[in-house]
Structure formats: structure tokens, C-alpha cells
Amino acid sequence: MNAVSRAARAIACLGWLVAAAAATAPTASAASAHPEPERVQATTASGRVEGERQSSVIAFRGIPYAAPPIGAKRFRPPEPPLAWTGVRPALDFGPACPQIIDADLTENNNAVMSEDCLTLNVWTPKVDHRKRPVLFWIHGGAYVVGSSRNTWYDGAHLAARGDVVVVSINYRLGAWGFLSLGSFGPEYAGSANDALLDMVAALQWVRRNIDAFGGDPARVTIFGESAGASATGALLSMPASEGLFAGAILQSGVASARSKDGLQRQNRLAEEFMKLAGARTPADLIPKSMQDLLQVQQQIFSSHSELGTFVPSVDGSVIPDQPFAVVSAGRGHRVPILIGTTLEEMRYFSTVEDLGLERKPRALLMEQLQANAGDRAQEILDTYQRLYPAWGDAVVQIASDAIMRLPSIRLAQAASAHQPVYMYLFTYRSNSTYRNFGSAHAMELPFVFGTEDLPEAMAFTGRDPRRHALADAMMDTWIAFARTGNPTRASGLRWPAYDPAARSTMELGTTIRLLQDPLAEQRKVWGEEPLRVERTWRLLQEN
């Protein structure tokens, strides 16, 4: 081939490449089909942040509310966030706090994790100064798993529907949040309850900054589920949280009623943890990696149940007294309370966790009932077996009442003498084709956040077409409570406050109606003697 021919061929090839590139390059119209979301900025006390428009609200994700608790700050109380210059991107969620990930369809998106995890997220209709009510979410997970990254907790729907601001947070879990090291020096004072101090720090961030996101720092409602509800109950009792919120919602959990010797138990647990880690002092733990400590935590869980292992304890300072007793006596923060449970709380642990609850031997159940209720044990069993002929159903109901529903009723009854209390019973039953989840623990979560159409949520809740109306009603209820301190919806039934005489309870399910003393026979058969949490949890853990 001569030089001219080679040149001609090169020109032809170049023309083909140019044409191909032109054919495959995105056109202006194609690019406009996927436009970048509008970016919006807000100013915090630490610096400017940039979020993005998410449908009809603006989302700011991964904003630090405390300094990274790493290095020498590991196991110590949170410190104020570090300031920055310029504009900090707030487009991505912060990493989850360190945790051991198990198969649990109610948890997702937690694989991205780091010890630098003390961040929060804000969803707001608009960055202005309109002083909207604020809903402040505390996730559950037995204080050992979970994060605000969970797609179920997307605050966009709630914020848009009610013209409210929604905040969700991460807080330290497991050993990072509850390793009791106070005996090693004042720098570790409060370490047995670092996770709760994280929550206080996040609330303080909201108090200082939420006005810049269109929220009202004087109208903050804290709400949490499971461990998040227990934490909400603790915050109701803590001096450090005074004045930081105006209302509290406890979903499937109460202020802790654990005995006051819980700190001694946490001290023993810390000793065991340090021995397994090969550490004699907290300084010996600093060089350990996150994975090193997670392996130690896994060893702890091999000899202790994950449930109730790393938990808040009465330490005399962060938590001066048993939270349940403080709130019951009116010695806590006297703000309106909304509290409730699902109909079959423990169905979750029988299905999702596969703890064998429904296969519990009769003799073991009788032994556990006698430990909890003494001479009433046989009458309790007879009552539930008559009401729920299937053995597994009876066991689930007994455990659900003893562990969740009755303590919630007793807290509502006692606190109602000092502050407005409203009670609900969530009765929606899943029609999932995956497992028989019934009206299990955590079932209400997608309805509260309006995320019931997420595929990962429908695996749990099922696809009952009535779920959309229920989600709207649930969101409106939580919004009404955040706005006024009363959960009565503008288009709903009047919701009277709870009192020991009428025991008014709103049923939230495919039917929404006001009930008086629902499941009264089950409540009465237990008598009035308070149940001890250390004994009731055996109903769940020993099968």
C-alpha cells in the first residue's frame, strides 16, 4: 500500500471513529433526562454544608454532630464537632457505627461502617426560618446493630407530608457505646453510657443549628423504636437532656426498668472484654483495629445473648436513677408522651431471629411463668391457651405481653398522673409470602416513614393494598403529635389521653378505632405486681 492509500485509509478510519463517537455520545436531550439534583446550602455552627433536593424536600446527609471518636477519643464522651472551611458536601450518609452484621431483613445498608460515625441527616421542605416542628429519630437494634443509613428510615416522605423537619442520627453501638471503663479515670466517666451521651450531643446540635434548616429548636419530638424507644425513655429521665425536646414517642420499648446493680454487671462485662482483647488498661485498646474489637465482641456474644448485653446502666451521673422509676414518678421531663406496641411483638424474634419461641417446651414455659408470676402461672397459661389455641401463638402472646405490652401499659399508667400520655396498639398483620411475620416487632416502621413501597420493606410487611392508607394515617398521627403534643389527626377520631380508668388506646391497623382497655383479660390475669425485666427476658432467650 502506497503512502497516499495509507493516508486515505487513515482519514476514512478517523471519520468512522468520529461518527461512532457522535452516535454514542449523550446528547443534550439525553443528559437532561437525568439532571443532577438541585444543590442547596445551609450554614451550621461548624461551617457551611451542601445538600440536594430529593423530590419535594431537601436532604442533607452525613453532617458530623461530634468530633470523630477515634484514637484516644475511643470510649470517651463525645466532643464538639470540628469546624471546617469552605462548603462541606452533605450528599451521602455517614458510615454506620461498628457492628456485626447478621441476616435480618429489617436491617440494611449498614455494611459501610467506620468508627468515625457520629453523623446525622436532615430532611426539610425548605431552607428558611419558618420554625417547623422537628422529628428526631433514634434507630433500634438492641444497641448493637442499626444505623440511620437504613432505607426504611428515609425521612423525605414524612417531612414532605407534614411540612416538618426530620432528623436521624447514628450513635455508638456495642462496646463502643457501653464499655464501662469509669474505674480507669475521670476521662472515661460516663463511658458506660457513651451512646446516650452521643444522643444528647446530637440534640444539642439540633438546638444550635436546626433553625438554619427551617426547624424550630423549641419543638423537637424524639421518637425511637425498640432500643431507640428504650433510649427515648432514658432521655426522658436524664438531667443532661433537659430542655432539648418537647415530646417523646416510644415505639415498642420503654424506659429501662433494669435493677440498679446493672453497672456492676457492665463492669464485669468490661473486664471480660478487656481480657479477651489482651488489654489491661483502656490505653491498650487504642492500637486495636475496629475489626479486632468486633472479633472480641463476637466472642462476647458467643457466651452472652446479643439481646441485653451492651445496654444503658444506672451509673449515678449520666443516668442517676432507674429511668422507668424516674419517669413513672414524674421526676423526669414532663413532656407529652406517645407510647405503644405491635400486637405480636415477639413474632419477630420467632421468625426473623429464629429463636425457637414457638417451639418452647411446656415445662420450660411453666418454669419461666412461675419465676415471673408465682402462683398465677397456671392461670396465665390457661387463659392464653383458651384465647390462642395454637401453642406457638399462645407463647408469642405471653412473651409479647410480659416483655413489651404490659411494661408499656404500666409506664403509661404511672406517667399519666404527671404529663399527657397517649397510647396505641398497632395491629396490621403482614401478608408477606416469605414468612408468617404477623404483627411483629418493627412492623410499624415503614408505615411511620411512608416507605411501605420499598421492596425491602414489602418482604416484611407484604403487599396488602390497605397499607397505603395506614401509612398516611400513621404519618399524620406522628406529625400531629410533633406539631401539637396531641396525636389526634385533623381528619381522625379524637384521641383522649390515657388514664387508668378508661385506658383509651387507639388501634392503628387496617381498622383505626378507639378502644377501651384492649386485651383486658390478658392484662388482668398478670395482676398488678411489676414484672422484673431480668426474668421476663428469659421468656425470649431460653427456648
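Preceding this paragraph is the structure being described.
Residues numbered from 1 in each chain as written. Predicted model: local features only at pLDDT ≥ 70, side-chain atom pairs only at ≥ 80, totals over all residues. Heavy atoms only, no water.

**Student:** Can you break down the overall build of the protein residue by residue, with the values?
**Tutor:** Of the regular secondary structure elements, the protein holds 20 helices and 13 strands. Principal-axis analysis of the C-alpha atoms places the extent of the protein at approximately 105 × 60 × 50 Å. By the burial criterion, 58% of the 543 residues in the protein qualify as buried. Approximately 21500 Å² of the protein is accessible, and the part contributed by carbon and sulfur atoms is 54%. Taking the average place of the 52 positive charges on the side chains of the protein and the average place of its 55 negative ones, the gap between the two points comes to 3 Å. (Helix = DSSP H or I, 4+ residues; strand = E, 2+ residues; numbered from the N terminus. Buried < 20%, exposed > 50% of the residue type's maximum accessible area, 1.4 Å probe, protein only. Areas by Shrake-Rupley, 256 points an atom, 1.4 Å probe, with all protein chains shown as cover. Lys, Arg positive; Asp, Glu negative; His and termini not counted. Charge placed at Lys NZ, Arg CZ, Asp CG, Glu CD.)

**Student:** Lay out the nonpolar core with the relevant residues and their values.
**Tutor:** Ranked by internal contacts, the top residues of the largest apolar core, which has 164 residues, are F60, V122, F136, V167, F213, F310 and W526. Considering every element that reaches this core, the biggest residue donor is helix α14 (residues 391–415), with 13 residues. Setting aside anything within four residues of it in sequence, one finds V167 in contact with L120, N121, V122, V134, L135, F136, W137, V206 and I210. (Core = buried A, V, L, I, M, F, W, Y, C linked by side-chain atoms within 4.5 Å. Contact = heavy atoms within 4.5 Å.)

**Student:** Got a sec to walk through the environment of R405? Specific residues and values, please.
**Tutor:** With respect to the helices, strands and loops of the structure, R405 is situated in helix α14. With a relative accessible area of 5%, R405 lands in the buried category. Spatially, the C-alpha atoms of R405 and L91 are 39 Å apart, while their sequence positions differ by 314 residues. Among residues more than four places away in sequence, those in contact with R405 are T341, S400, L425, P518, L519, Q522 and R523. Looking at R405, its side chain comes within polar contact range of the main-chain oxygen of L519, at 3.4 Å. (Polar contact = N/O pair within 3.5 Å; in protein donor to acceptor, adjacent residues only side chain to side chain.)

**Student:** I'd love a proper account of the side chain of E52, names of residues and values included.
**Tutor:** The residue E52 is located in strand β2 (residues 47–54) in this model. Here the side chain of E52 touches R61 through a polar contact of 2.9 Å, side chain to side chain.

**Student:** Any details on helix α13 (residues 377–387)? Residues and values, ideally.
**Tutor:** If you check which residues of α13 are buried, you get A377, I380, L381, T383 and Y384. Buried residues in α13, looked at end-on, bunch into an arc of 165°, giving them a common side. Elements in contact with the buried residues of α13: α12 (362–373), α14 and α18 (520–525). (Arc of directions from axis to C-beta.)

**Student:** Tell me what's going on with helix α7 (residues 262–277), and back it up with residues and numbers.
**Tutor:** Counted at 1.5 Å a residue, the expected span for α7 with its 16 residues is 22 Å, and the 22 Å between its end C-alpha atoms agrees. Along α7, the residues classified as buried are G262, L263, Q266, L269, A270, F273, M274 and A277. Buried residues of α7, seen end-on, are gathered within an arc of 135° and therefore sit on one face of the element. For α7, the exposed residues set more than 90 degrees away from the buried face come down to R268, E271 and K275. G278 sits one or two residues past α7 and shows a positive phi near 70°. (Expected span 1.5 Å × (residues − 1).)

**Student:** Summarise the state of the cysteines; cite the residues concerned and give the values.
**Tutor:** According to the stated counting rule, one finds one disulfide in the structure shown. Between the sulfur atoms of C97 and its disulfide mate C117 the distance is 2.1 Å. On the S-S bond that ties C97 to C117, the torsion sits near 95°, and the link is right-handed. Of the two residues, C97 sits in the loop between β4 (87–89) and β5 (119–124) while C117 sits in the loop between β4 and β5, which places them 20 residues apart along the sequence. (Disulfide = S-S within 2.5 Å.)

**Student:** Account for the packing of aromatic side chains, with residues named and values stated.
**Tutor:** Going through the model one piece at a time under the given rule, you end up with 20 aromatic pairs. Ring geometry for Y153 and F449: centres 5.7 Å apart, planes at 45°, overall tilted. Here Y153 is found in the loop between β6 (132–138) and α3 (156–162), whereas its partner F449 is found in helix α15 (residues 445–449), with 296 residues between them in sequence. A residue is classified by how much of its surface remains accessible, and Y153, at 2% relative accessible area, is buried. Pairing Y384 with W526 gives two aromatic rings, centres 6.5 Å apart and planes at 75°, and the pair type is edge-to-face. A residue pair is termed long-range when its members are at least 10 positions apart, and Y384 in helix α13 and W526 in the loop between α18 and α19 (533–536) qualify at 142 residues. Take Y384: its relative accessible area is 0%, and that puts it in the buried class. Put simply, the rings of W137, Y153, F223 and F449 touch in pairs and so form one group of aromatic residues. Positioned over the ring face of F93 is R61, at 5.6 Å from the centre of the ring. A cation sits over an aromatic face here: R76 above Y188, 5.1 Å from the ring centre. (Phe/Tyr/Trp six-rings, centres within 6.5 Å; stacked < 30°, edge-to-face > 60°. Lys NZ or Arg CZ within 6 Å of the ring centre and 35° of its normal.)

**Student:** Residue-level account of the pattern of salt bridges, with values.
**Tutor:** Scanning the entire structure with this criterion turns up 30 salt bridges. For R347, the salt bridge is made with E344, and the minimal N-O distance between the two is 2.7 Å. One exposure class covers both R347 and E344, and it is buried. A salt bridge links R538 to E542, with the nearest nitrogen and oxygen atoms 3.1 Å apart. Overlapping salt bridges bring together E344, R347, E358, D393 and R429 as one network. (Salt bridge = Lys/Arg side-chain N within 4 Å of Asp/Glu carboxyl O.)

**Student:** Explain unusual backbone geometry to me, and be specific about the residues and the numbers.
**Tutor:** Positive phi outside glycine occurs at S252, with the angle close to 60°. Counting through the fold element by element, S252 comes out in the loop between β9 (247–251) and α7. Of the residues examined, S252 reaches a relative accessible area of 1% and is grouped as buried. Notably, L519 is not glycine yet its phi reads approximately 55°, a positive angle. You can see L519 is positioned in the loop between β13 (513–516) and α18. Owing to a relative accessible area of 27%, L519 belongs among the partly exposed residues under this scheme.

**Student:** Give me the pairing of strand β12 (residues 504–508): which residues, what numbers.
**Tutor:** Counting buried positions along β12 yields five of five residues, so the element is predominantly enclosed. Covered by surrounding structure in β12 are S504, M506 and L508 together with T505 and E507, the residues of both alternating faces. Where strand β11 (residues 421–426) lies against β12, four bridges are found, and the strand directions are parallel. Within β12, the residue paired with F426 across the bridge is L508. Strand direction decides the pairing type here: β12 and β13, joined by four bridges, are antiparallel. (Pairing = 2+ DSSP bridges.)

**Student:** I'd like a description of the side chain of S226, backed by residues and values.
**Tutor:** Its place among the elements puts S226 in the loop between β8 (215–225) and α6 (227–237). Residues in contact with S226, not counting those within four places in the same chain, are G140, Q251, S252, G253 and H441.

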